[in-house]
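# Architecture and fold: a report
Below, each chain spelled out in residue letters.
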Amino acid sequence: MSRSTILLKLACTTILLCIALAIPVTKATVSCSYIKDNIGPCLEYLESGQRLSSGCCPYIRKVNSMGVTKADRKSVCECMKSAVIADPGILGLYALALPGKCGVPNFVIPRAFTDCSKIN
């Protein structure tokens, strides 16, 4: 094999390796700790239907933006579900209404009985 053939194969292999390394690996963007630790601004509304604090809707929009892929949406559902279960004072009626109040009508705050495996 000639020297130029070896160099050409080496160059092609290097280019292919660079391309392979440049392809982003899909990684879950869901942070359960963020979801659980930052639900606070929404609790007054979720527990009593009272005042919707200024920090609540940005939180709902942020959590909604985490659900990019189907797997992410399932993870968001599971994380939200565990946050809701941890606070028995959250009332389902207000949980259902909150996403619409925040302009995110397609977002669902799961309840204890929600089957997150069926999320699309």
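One structure accompanies this document, and this report is about it. (Residues numbered from 1 in each chain as written. Predicted model: local features only at pLDDT ≥ 70, side-chain atom pairs only at ≥ 80, totals over all residues. Heavy atoms only, no water.)

## Some points on the state of the cysteines
Throughout the structure, instances matching the rule amount to four disulfides. Here C77 is linked by a disulfide to C116, with a sulfur-sulfur distance of 2.0 Å. Looking along the S-S bond of the C77-C116 disulfide, the torsion reads about -70°, which is the left-handed sense. Highlighted residues: C77 in helix α5 (residues 70-86) and C116 in the segment after α6 (92-101), separated in sequence by 39 residues. Grouping residues by exposure puts C77 and C116 together as buried. Taken in N- to C-terminal order, the disulfide-linked cysteines of the protein chain are connected 1-6, 2-3, 4-7, 5-8. (Disulfide = S-S within 2.5 Å. Helix = DSSP H or I, 4+ residues; strand = E, 2+ residues; numbered from the N terminus. Buried < 20%, exposed > 50% of the residue type's maximum accessible area, 1.4 Å probe, protein only.)

## Brief notes about the pattern of salt bridges
On inspection of all chains with the given rule, the structure shows two salt bridges. Here E44 makes a salt bridge to R51, at a shortest N to O gap of 3.4 Å. Overall, E44 belongs to the partly exposed group, its relative accessible area being 36%. Between D115 and K118 there is a salt bridge, with the nearest N and O atoms lying 3.9 Å from each other. Taking relative accessible area as the criterion, D115 reaches 38% and is therefore assigned partly exposed. (Salt bridge = Lys/Arg side-chain N within 4 Å of Asp/Glu carboxyl O.)

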